[in-house]
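In case you want the letters, here they are:
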Amino acid sequence: MAPIPALSPDKLYTRCDPDAFPFETTRDLKGSSAILGQERASEAMTFGLDMALDGYNLFVMGPPGTGRHRFVRRFLDAKAPGLPTAPDWCYVNNFDDPLKPRALQLPTGMGCRFRADMERLITDARAAIPAAFESDDYRIRRQAIEESFKEDQGALLETLQKEAETRGMNLIQTPTGIAFAPVRNGQVINPEEFQKLPEDEKKQIQEHVEVLTNQLQAAMRSAPKKVRELRDRIRDLDRDITEFAVGSLIEDVMDAYKDLAPVIEHLKSLRADILENVDLFIPMPTGPQEAPDQNAMAAVFRKPEEAAALRRYGVNVIVDNRDTQGAPIVFHDHPTYPFLMGRTEHMAQMGALVTDFSLIKGGALHDANGGYLVIDAVKLLTQPFAWDALKQALRAREIRIETPTQAQGFLGTISLEPEPIPLDVKVILIGDAMLHYLLQSRDPDFPDLFKVAAEFDDRLHRTPEAHLKFAELLSAMVDNEKLMPLHRSAVARLTDESARHAGDSERMSTRIAPLADIVREANYWAGQNGHDTVRDDDIQKAIDARKRRVSRYSERIQEEILRETILIDTTGGKVGQINGLAVSQIGETSFGKPSRITARLRIGAGKVLDVEREVELGGPLHSKGVMILTSYIASHYLADEPLSLSASIVFEQSYGGVDGDSASSTELYALLSALSGLPISQGMAVTGSVNQYGQVQAIGGVNEKIEGFFDICNARGLTGNQGVLIPVSNVKHLMLREDVIKAVNAEQFAVYSVETIDQGIELLTGVAAGEKNEDGTFPDGGVNARVQARLRDLADKRRAFGTGGQEGASA
């Protein structure tokens, strides 16, 4: 097998050539806010926005930082202006049932106008009605009614007096009421004289008194009826006067809204209610006889009455689209239940909390009705009751304002039940793909209500056209934020950094947010350096500064390795010991760190013990990798014989969970070293998974892994014999740091790509692996031959111990 050469520096980093750009700085470019590489999502958005059927709401899914909100905003800003502007909505009093306010739909912009007209009507009525009641006409007509009542009462008493006189009696007023007394010679007989009268005369007088008293009682029984008649006549007079005072005012308003039947119906109800509640428009009487303190107190109590008229007859506009052009667009950042569905507020009055239709507040659904509502899915789902309420509104196609207890069917205090408002809205949720899949599988309502998924791609092909579009996007951002223009060298460096973020030299990341932050910070460093444009060294300074701010943990691990608290060898050779590579991630920061992996052998029943799994630190993928390497050893070296070894593999000084199969080839190399007795170069580190045929497979985080081991070697001093083995399939992912590339160029460090385990073991041991012969054996002296011989030796020893074997015998 030919020796495997190290990768050349040009394979380790794919550069964007600044000279390929047709501009000097981004000032020469026309900026573009187009979203890069989202053709699939764009098609889905166009389809979803055009579909007017129920259930075709959208879920825009993708990783954060890819410009999802900007993407949605761009589509809506293009779509909404061509659609009809949504109407206004308001609530008014339901005079028949105040607990159930009525909803009125008004043409766009007329909600506030109607409210102003009603306020003007009430203000005019508060002036016109008192004036009408203070007019001479009203006083004369009321006085006539009252005089008529008094005349009727006088006539009744006069009739009783005449009847009493015919019987020799007189009607007199006493402190206790009306009474009858006998008369002699025009004078009322006192009690002493009455007692001196003959008995028959006294009896006759008593009979006359009884008859007259009965007549008086009959007259008194008719008095309440007369009083009611008086009140009815006065009430009818008040209605006539009120109608005269406000009738023309209401007619004027009705003429202005004659084409709106619901408004006309409301105004008719309002007219009837004003006639029944005219007291709301008549000020409390005051006069000079009242003390100053009394006047002040009366003023305090008049204010609520004045406000009561406005509250009772006013208009509560909850949706005002007068300044909206086209369909409304609402990006809602706080989707709690009340702010999404609307709410009814309360106010303190006389020690109690009260409410009415004027305290109804609309929610985001009201504002977006007739247009588009955009919500962050995670925020929505983490708010109690909000998700269920939104689904219910979309199913019922109406917005119902109620408390959560009402919505859940629980008993609560008496509150308003506003009339529901018809709902016509397109809801767009924004979240990650995992959340979409979870909702789709666990919420039966979700597939029916959100039929369109607009999925963002986190990468796009790295082409000259994509580079130029990326530059135009950066130009737009720089212009919008008034930053220094970017030199083409800075754009090229950002393009390279985008590829590194994508983890692929042939792709670019669509996560623009981190790159935008780099531009902002590079603008700062350019200013510190006195530059008038941002150059590549400013970009690099920003990248380095960002890394340093979050590198405390990675530097602490490196420090402990250098102090030999964590044992990692970078020189010499060891049997059954190898440097594996892993990636740790803390928040948005990821870094590579080496780990010592060791393998020990003994005679056994063919089991490779995964220590991490035995102590429940290893995940299922790691355990799968160990099983695969076990299968490889059995089938590759002793296909017709049972394995007779017991091996243990362990990540030394590992105190947390281990998962993934990216170390399976590393573990296999350690096991082959232990079986062959050949030492592995400790200046080398390895990453890559393996399949049952000994092929080395791609892994993730290859750049971070290489750089993590390089940092340790560089800190200890590069020897020229150090490097990293990676799978061939990971070469296209390489975007290494500049210091690593310089070391490779100076032949102080090397990166090797391998396709098979045989290639890797040769590099690690310096001994040829040896290809399998037709009879299943390997050439003498090779690694594979030594491994096969060792396995057969273990099998022979096991047979020597007996059929069952004895676990634990020394190997």
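Overview of the structure. Keep in mind that what you see is a predicted model, and the values were worked out from it rather than measured. (Residues numbered from 1 in each chain as written. Predicted model: local features only at pLDDT ≥ 70, side-chain atom pairs only at ≥ 80, totals over all residues. Heavy atoms only, no water.)

### Overview of the pairing of strand β1 (residues 58-61)
- In β1, alternate side chains face the same way, and those of Leu58 and Val60 on one face and Phe59 and Met61 on the other are all buried.
- Examined bridge by bridge, β1 and strand β16 (residues 426-431) share four bridges and lie parallel to one another. Its bridge partner lying in β16, leucine 58 is registered against isoleucine 428.
- Of the strand pairs in this sheet, β1 and strand β17 (residues 452-455) are connected by four bridges, and their pairing is parallel. Within β17, the position partnered with valine 60 by the bridge is alanine 454. (Buried < 20%, exposed > 50% of the residue type's maximum accessible area, 1.4 Å probe, protein only. Helix = DSSP H or I, 4+ residues; strand = E, 2+ residues; numbered from the N terminus. Pairing = 2+ DSSP bridges.)

### Quick notes on unusual backbone geometry
- For lysine 482, which is not a glycine, the phi torsion comes out positive at approximately 55°.
- In this fold, lysine 482 is placed in the loop between α18 (464-480) and α19 (488-502).
- One non-glycine residue, glutamate 747, lies in the positive phi region at around 60°.
- By secondary structure assignment, the location of glutamate 747 is in the loop between α27 (738-745) and β30 (750-754).
- Judged by relative accessible area, glutamate 747 falls into the exposed class, the value being 65%.

### Concerning the packing of aromatic side chains
- According to the stated counting rule, one finds 17 aromatic pairs in the structure shown.
- Grouping aromatic residues by their ring pairs yields a cluster made of Phe59, Trp387, Phe446 and Phe450.
- Above the ring of tyrosine 56, the side-chain terminus of lysine 451 is found at 5.9 Å from the ring centroid.
- Above the plane of the ring of tryptophan 525 lies lysine 541, whose end atom (NZ or CZ) is 4.7 Å from the centre. (Phe/Tyr/Trp six-rings, centres within 6.5 Å; stacked < 30°, edge-to-face > 60°. Lys NZ or Arg CZ within 6 Å of the ring centre and 35° of its normal.)

### Focus on α18
- Here α18 contains 17 residues, and its C-alpha end-to-end distance of 24 Å stays within 8% of the 24 Å for a straight helix at 1.5 Å per residue.
- Those residues of α18 not exposed but buried are Ala466, His467, Phe470, Ala471, Leu473, Leu474, Ser475, Ala476, Met477 and Val478.
- Residues of α18 that are buried in the fold lie against α3 (68-79), β18 (459-461), α19, β19 (507-509) and α20 (512-528).
- Lysine 482 sits one or two positions beyond α18 and adopts a positive phi of about 55°. (Expected span 1.5 Å × (residues − 1). Contact = heavy atoms within 4.5 Å.)

### A closer look at the sheet that holds strand β2 (residues 88-92)
- Spatially, the three strands line up as an open sheet ordered β3-β2-β7, and their pairing is antiparallel. At either end of the open sheet lies a strand with only one pairing partner, and these are β3 (102-106) and β7 (316-319). Pairwise comparison of adjacent strand axes, ignoring direction, gives a mean angle of 30° for this sheet.
- Pairing geometry for β2 and β7, over three bridges, is antiparallel. Along β7, the bridge assignment pairs tryptophan 89 with valine 319.
- Each of β2, β3 and β7 touches helix α4 (residues 110-133); the most contacted strand, β3, lies at about 120° to it.
- Those strands touched by helix α9 (residues 261-276) are β2 and β3, and its axis lies near 135° from that of β3. (Axes fitted to C-alpha atoms, helices over the stretch in contact; angles between N-to-C directions.)

### Concerning the pattern of salt bridges
- Summed over the entire model, instances satisfying the criterion amount to 44 salt bridges.
- A salt bridge links arginine 239 to glutamate 276; the shortest N-O distance between them is 3.0 Å. With arginine 239 in helix α8 (residues 223-256) and glutamate 276 in helix α9, this pair connects stretches of sequence that are 37 residues apart.
- One salt bridge connects aspartate 273 with arginine 312, and the closest N-O pair in it is separated by 2.7 Å. Here arginine 312 lies in helix α10 (residues 292-313) and aspartate 273 lies in helix α9, a separation of 39 residues in the sequence. (Salt bridge = Lys/Arg side-chain N within 4 Å of Asp/Glu carboxyl O.)

### Examining the packing of α18 against α19
- α19 packs onto α18 with a crossing angle of 115° between their chain directions and a minimal axis gap of 10 Å. One way to sum up the angle between α18 and α19 is to call them roughly perpendicular. Here α18 runs over α19; the crossing is right-handed. Judged by residue contacts, His467, Phe470, Ala471 and Leu474 of α18 engage Val491, Leu494 and Thr495 from α19.
- Among the residues making up the contact of α18 with α19, the classes are represented as five nonpolar, two polar and no charged. (Parallel < 35°, antiparallel > 145°, perpendicular 65-115°, else oblique. Left-handed = near helix turned anticlockwise from the far one by under 90°. Nonpolar A, V, L, I, M, F, W, Y, C, P; charged D, E, K, R; others polar.)

### Description of the pairing of strand β29 (residues 723-727)
- Burial analysis of β29 places five of its five residues in the buried class, which makes it a mostly covered element.
- Alternating positions in β29 separate into two faces, Gly723, Leu725 and Pro727 on one and Val724 and Ile726 on the other, with burial throughout.
- The sheet contact formed by strand β26 (residues 684-686) and β29 spans three bridges and is parallel. Residue pairing for β29: alanine 685 is matched across the bridge by valine 724.
- Viewed along the sheet, the connection from β29 through α27 into β30 turns out right-handed. (Right-handed = clockwise from strand over helix to strand, strands pointing away.)

### What to know about the environment of leucine 725
- Here leucine 725 shows up in strand β29.
- We classify leucine 725 as buried; its relative accessible area is 1%.
- For leucine 725 and valine 626, which are 99 residues apart along the polypeptide, the C-alpha to C-alpha distance reads 19 Å.
- Sequence-distant contacts of leucine 725, defined by excluding residues within four places in its chain, comprise Met684, Ala685, Val686, Thr687, Tyr752, Val754, Gly760, Leu763 and Leu764.

### Observations concerning the environment of proline 727
- Structurally, the position occupied by proline 727 is in strand β29.
- The spatial distance from the C-alpha of proline 727 to the C-alpha of methionine 254 is 82 Å, given a sequence separation of 473 residues.

### Re the sheet that holds β17
- Across the sheet, five strands lie side by side as β8-β13-β16-β1-β17; this open sheet has parallel pairing. With partners counted over all chains shown, the strands left at the sheet margins are β8 (329-332) and β17, one partner each. Looking at each pair of strands side by side, their axes are set apart by 20° on average, direction ignored.
- Contacts between helix α2 (residues 39-50) and the sheet are confined to β1, β13 (372-376), β16 and β17, with β17 contributing the most and set at about 155° to the helix.
- Contacting β1, β16 and β17, helix α16 (residues 433-442) crosses the sheet at an angle of about 140° to β1.

### Points about the packing of α18 against α20
- Their axes nearest at 11 Å, the elements α18 and α20 cross at an angle of 55°. The orientation of α18 with respect to α20, classified from their angle, is oblique. Crossing of α18 over α20 shows right-handed handedness. Together, Phe470, Leu473, Leu474, Met477 and Val478 of α18 and Ile512, Leu515, Ala516, Val519 and Arg520 of α20 make up the contact between the two elements.

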